[in-house]
Amino acid sequence: MLRVYNTLTGSKDPFEPLVPGKARMYVCGVTVYDYCHIGHARSALVFDVLRHYLEYSGFVVEFAKNFTDVDDKIIKRAHEQGVSCENITAKYINAYYEDMEKLGVRRATLEPRATEHIADIVTLVDRLLAKGMAYRVDGDVYFQVDRYPVYGRLSKRKLDDLQAGARVDVDQRKRHPMDFALWKSSKPGEPSWVSPWGPGRPGWHIECSAMAMRHLGETFDIHGGGMDLIFPHHENEIAQSCGATGKEFARYWVHNGFVQINQEKMSKSLGNFFTIREIFKESEWSDVVTGEMLRYFLLSTHYRSPLDFSDQSLREAKGALNGFYDLFERLNEPAPSQGVADQQMREATTRMRQAFVEAMDDDLNTPTAVAALQKLRGETNKAIEAGLSGEMRRAVRREFRTLGAVLGLLQPDSWQFNPKLNPKRVGEAVSVEIEERIETKVVLSDTDIERDLAERNEARKMKDFTRADDIRKYLARHGITIEDRPDGTSRWKR
RNA sequence: GGCGCCGUACCCAAGUGGCUAAGGGAGCAGUCUGCAAAACUGCGAUGCGGCGGUUCGAACCCGCCCGGCGCCUCCA
């Protein structure tokens, strides 16, 4: 049974959904005013994996992930560029879909937008006003935090502590410094909707409460997002939701850790920011390969731990994945109908599947789950060595595909031996790091490589091994590895 | 000032009270190969930042110290 770390309780809690067999989750999506960075990628991937694993475990998953499409930053960006807010949000929603597709992150089953739920938001604010948990100041409406007695239960903070730490100028019209806006009156030129309190727009936190309740009900199972959302965003969501309904809001609060650069949080001020599209653009590998490298890298650390992004870590992910795809090539080779290692392979597969499930059950321990796949890779290679039937080979490949699918890995039939997946920037010079030196190589085209390979095989037939090895060395300098097969043919990979 | 996290081999990274401290990458040696690649076999932390303590027993619990980081303000 799956156990997830619940920020609310501070412990790994068994996942028991409200409705048996059904898992309802809401994840805070992005504010669409800029391109997504690798941190967004991590968050999106973590919850995509959680969803996959819930499905693998037999749950029907209802998964809502919102777009925040009305917000100060969007308005600012629109003003800067002299375009409408819709212009900005449409552009970055599109970019988001492109990036996520390359990462292999599926769309949520529901993708609500704040601007499409103004009526729900107004109703919710009204409820809070009626209950005396919110108050009006001019055209604004604020949530009054001291009317919600357990404010701070998610982030484990006390209102008094927060007051002491407040560093921001406090709006004097607020009754308590931590009161936050549910509804903001809009200035001229800002997006605006009619409301009982005058023209305005929703505050940041209220949209998630309204959309989650609308689509998943007043109480649902999982609410997720990045660590940084614990306070104040999720804290405020809880306060206003529970305040309005008197019921529990989300039952499990799941938060992912940050991506860092050189042990420091990524931030625009430090200039250590990598957008997803930047990484794909600069990768020397095709999008399919780069996407899988990124996923492997992001899942090789537990989702709650900080994770340091670097070129080296991506390269290591590539190296680790190569082993799997080398194995899949081997599994495709001709095999006997009876294998002496079949039985032992069957047992190893069962063992590894159990290890995989056990790891994922333990708060989505993807590093250990990946280790189980690696272990199975070793066992399979050994079994092939000993003799593995064709039928068993196909069964093992299916197993890798099934378990890999939970993590979004190991799906392509072929990888490094599939020329279609690899060539990129043909004819261009790229920098490669070889033994801590940066060298330049030219990316060869497939036809160039095939031609050289044919020439080399001619030389080999003539026993001109000097010539053959020269060609091998030449290709090696350009990052091409040749594999000679027992039948005399050769294949190559980048 | 308040709250919290991390420090495991050359690198990445599981493990959080009890069999020989997972797994990957890199490395070295061997088998195989015309040479390679891949694969296989073997090697690699007597120790888990340091020092104390609790315990029959600790990388895992407690205390102190050292080093690094996050949140308290928009942020995945």
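Residues numbered from 1 in each chain as written. Chains lettered and ligands numbered in written order. Predicted model: local features only at pLDDT ≥ 70, side-chain atom pairs only at ≥ 80, totals over all residues. Heavy atoms only, no water.

Colleague: So what exactly am I meant to see when it comes to the overall build of chain A here?
Modeller: Helix and strand counts for chain A stand at 15 helices and 17 strands. For chain A, the spread of C-alpha atoms along the principal axes amounts to about 90 × 50 × 35 Å. In chain A, which comprises 494 residues, the proportion classed as buried is 54%. Here the analysis covers contacts within chain A between residues at least 6 apart in sequence; of these, 73% occur between residues at least 24 apart. Element-wise, carbon and sulfur atoms account for 50% of the exposed surface of chain A, whose accessible area totals about 22700 Å². (Helix = DSSP H or I, 4+ residues; strand = E, 2+ residues; numbered from the N terminus. Buried < 20%, exposed > 50% of the residue type's maximum accessible area, 1.4 Å probe, protein only. Contact = heavy atoms within 4.5 Å. Areas by Shrake-Rupley, 256 points an atom, 1.4 Å probe, with all protein chains shown as cover.)

Colleague: What should I look at first to understand the domain arrangement of chain A in this one?
Modeller: For an interface, size is often stated in terms of accessible area lost upon the parts coming together. Looking at the assigned domains, one finds that chain A contains domain 1 (3-261), domain 2 (310-407) and domain 3 (423-493). Placing a centre on the C-alpha atoms of domain 1 and another on those of domain 3 gives a separation of 53 Å. (Domains from an automatic or database assignment.)

Colleague: Where do I start with the nonpolar core in this structure?
Modeller: Nonpolar side chains tend toward joint burial in soluble globular proteins. With 90 residues, the main nonpolar core has L54 and L407 as its most contacted residues. Considering every element that reaches this core, the biggest residue donor is helix α1 (residues 38-56), with 10 residues. Composition of this core by domain shows at least three residues from each of domain 1 (3-261) and domain 2 (310-407). Not counting residues within four places of it along the chain, the set of residues in contact with L407 comprises V49, R295, L299, F356, M360, T366, V370 and L373. Formed by 45 residues, the second largest nonpolar core is a distinct cluster that contains V122, L159, I230 and A239. (Core = buried A, V, L, I, M, F, W, Y, C linked by side-chain atoms within 4.5 Å.)

Colleague: Is there a simple way to explain the sheet that holds strand β11 (residues 259-261) in this structure?
Modeller: What links the strands of a sheet is backbone hydrogen bonding, and the strands pair in either a parallel or an antiparallel sense. Across the sheet, three strands lie side by side as β12-β11-β13; this open sheet has mixed pairing. In this open sheet, the two edge strands, each paired with only one partner strand, are β12 (264-265) and β13 (307-308). Pairing of β11 with β13, which is carried by two bridges, proceeds in the parallel orientation. Across the sheet, the residue bridging to V259 is L307, located in β13. (Pairing = 2+ DSSP bridges.)

Colleague: Looking at this model, I keep getting lost on the protein's contact with RNA strand B. Mind explaining?
Modeller: The environment of RNA strand B is made up of 57 residues, and the closest members are K73, W204, G226, K265 and T368. Here a sugar or linking oxygen of RNA strand B sits 2.8 Å away from a polar atom, N or O, in the side chain of H40. Tallying contributions element by element places helix α12 (residues 366-386) first for the surface near RNA strand B, with 10 residues. Among the residues forming the surface near RNA strand B, the class breakdown is 13 nonpolar, 23 polar and 21 charged. (Near = heavy atom within 4 Å. Polar contact = N/O pair within 3.5 Å; in protein donor to acceptor, adjacent residues only side chain to side chain. Nonpolar A, V, L, I, M, F, W, Y, C, P; charged D, E, K, R; others polar.)

Colleague: Is there a simple way to explain the side chain of D99 in this structure?
Modeller: In this fold, D99 is placed in helix α3 (residues 85-103). With relative accessibility at 2%, the residue D99 sits in the buried group. Ignoring anything within four residues of it in the chain, the contact list for D99 reads C36, I276 and R277.

Colleague: Honestly, the packing of aromatic side chains in this entry has me stumped. Any pointers?
Modeller: Each pair of aromatic rings is reported with the distance of its centres and the angle of its planes. In this structure the tally under the stated criterion is 18 aromatic pairs. When the ring of F297 is compared with that of F309, the centres are 5.6 Å apart and the planes differ by 65°; the resulting orientation is edge-to-face. Note that F297 is positioned in helix α9 (residues 287-299) and F309 in the loop between β13 and α10 (311-332), a separation of 12 residues in sequence. Judged by its relative accessible area of 5%, F309 falls in the buried class. Centre to centre, the rings of F324 and F328 are 6.5 Å apart; their planes meet at 40°, and the pair counts as tilted. A residue pair is termed a helical-turn pair when its members lie 3 or 4 positions apart in one helix, as F324 and F328 do in helix α10 at four residues. Comparing F324 with F328 shows no difference in burial state: the two are buried. Lying across the ring of Y135, R175 places its NZ or CZ 4.0 Å from the centre. In this structure, R377 is placed above the aromatic ring of F324, and the distance from its NZ or CZ to the ring centre is 5.8 Å. (Phe/Tyr/Trp six-rings, centres within 6.5 Å; stacked < 30°, edge-to-face > 60°. Lys NZ or Arg CZ within 6 Å of the ring centre and 35° of its normal.)

Colleague: How should I be thinking about the environment of P486 in this particular structure?
Modeller: With respect to the helices and strands, the residue P486 is situated in the loop between β16 (481-484) and β17 (490-493). In this structure, the C-alpha to C-alpha distance between P486 and D161, residues 325 residues apart in sequence, is 72 Å.

Colleague: Help me understand the packing of α10 against helix α13 (residues 390-407) in this model?
Modeller: Axis angle and axis distance: for two packed helices, these are the angle between their axes and the distance between the axes, and together they describe the pair. Two numbers describe how α10 lies on α13: the axes approach to 10 Å, and their chain directions differ by 150°. If you check the angle between α10 and α13, you find them roughly antiparallel. For the pair α10 and α13, the sense of crossing is left-handed. Facing F324, L327, F328, R330 and L331 of α10, the residues of α13 in contact are R393, V396, R397 and F400. The residue makeup of the contact of α10 with α13, split by class, is six nonpolar, no polar and three charged. (Axes fitted to C-alpha atoms, helices over the stretch in contact; angles between N-to-C directions. Parallel < 35°, antiparallel > 145°, perpendicular 65-115°, else oblique. Left-handed = near helix turned anticlockwise from the far one by under 90°.)

Colleague: Mind showing me how you'd approach helix α11 (residues 342-361) here?
Modeller: Spacing of three or four residues puts side chains on the same side of an α-helix, whose turn is 3.6 residues. With 20 residues, α11 extends 28 Å from end C-alpha to end C-alpha; this agrees with the ideal 28 Å at 1.5 Å per step. For α11, the full list of buried residues reads D342, M345, A348, T349, M352, F356, A359, M360 and D361. Buried residues in α11 make contact with β1 (3-6), α1, α12 and α13. Following α11 by one or two positions, D363 has its phi on the positive side, about 55°. (Expected span 1.5 Å × (residues − 1).)

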